[in-house]
Amino acid sequence: MTMPDVSSANRTDADTLIGERIHQLMFRRRVTQTQLAAEMLLTQSALSKKLRGNSKWSVTDLIYAAQALDVGLMDLMHEDLLAVLPAQVKWVYLAPGAY
């Protein structure tokens, strides 16, 4: 089994794609950065950096974001990011409230 490339360039791309997806969900649910940041125990500034891909998303960040937006963790993944995930990872789906 080959591991996915985890170079800093790919991590930045992944962080940007996750940020774009979360921003889309925020817009659809009419959630502001201030509201989501409060739910995630972050400052609005820290969340803004994550949404722009300037700061890495932790697993904890993703869990808090999924809970606040009432979606599963895989719903936070941008289509372009899902395309590069190994098949072994794609089967994992956590529904809202499962964590």
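Scroll up a little and you will see the structure.
(A) Inspection of the overall build of the chain at higher detail. In terms of helices and strands, the chain carries six helices and zero strands. Each helix and strand of the chain, placed in order from N terminus to C terminus, yields the pattern α-α-α-α-α-α. Taken across its 99 residues, the chain has 31% of its residues classed as buried. Across the chain, the fraction of contacts at a sequence separation of at least 24, relative to all contacts at a separation of at least 6, is 57%. If you sum the accessible surface of the chain, you get close to 6300 Å²; carbon and sulfur atoms cover 56% of it.

(B) Layout of unusual backbone geometry. Positive phi outside glycine occurs at arginine 30, with the angle close to 55°. With respect to the helices, strands and loops of the structure, arginine 30 is situated in the loop between α1 (8-29) and α2 (33-40). You will see that leucine 41, though not glycine, has its phi angle at about 60°, which is positive. With respect to the helices and strands, the residue leucine 41 is situated in the loop between α2 and α3 (44-51).

(C) Spatial organisation of the nonpolar core. In terms of nonpolar packing, the biggest core is built from 19 residues, with Ile22, Leu36, Leu47, Trp57, Leu62, Leu69 and Leu76 touching the most fellow members. Elements represented by at least two residues in this core include exactly α1, α2, α3 and α4 (59-69). Look past the residues within four positions of leucine 36 in its chain and what remains in contact with it is Ile22, Met26, Val31, Leu47, Ala65, Ala68 and Leu69.

(D) Local environment of the packing of aromatic side chains. Counting across every chain of the model gives zero aromatic pairs. Over the ring of tryptophan 57 we find lysine 50; its NZ or CZ atom is 5.9 Å from the centre of that ring.

(E) Representation of α4 within the structure. Residues Asp61, Leu62, Ala65, Ala66 and Leu69 constitute the buried set of α4. All buried residues of α4 fall inside an arc of 130° around its axis, so they share one side. Looking one or two places after α4, you find aspartate 70, whose phi comes out positive at around 55°.

(F) Up close: α3. Listed in full, the buried residues belonging to α3 are Leu47, Ser48, Lys50 and Leu51. Along the axis of α3, the buried residues cluster in a sector spanning 160°; they form a single face. Looking at the residues trailing α3, positive phi occurs at glycine 53, about 85°.

Reading the values: the criteria
- Residues numbered from 1 in each chain as written.
- Predicted model: local features only at pLDDT ≥ 70, side-chain atom pairs only at ≥ 80, totals over all residues.
- Heavy atoms only, no water.
- Helix = DSSP H or I, 4+ residues; strand = E, 2+ residues; numbered from the N terminus.
- Buried < 20%, exposed > 50% of the residue type's maximum accessible area, 1.4 Å probe, protein only.
- Contact = heavy atoms within 4.5 Å.
- Areas by Shrake-Rupley, 256 points an atom, 1.4 Å probe, with all protein chains shown as cover.
- Core = buried A, V, L, I, M, F, W, Y, C linked by side-chain atoms within 4.5 Å.
- Phe/Tyr/Trp six-rings, centres within 6.5 Å; stacked < 30°, edge-to-face > 60°.
- Lys NZ or Arg CZ within 6 Å of the ring centre and 35° of its normal.
- Arc of directions from axis to C-beta.

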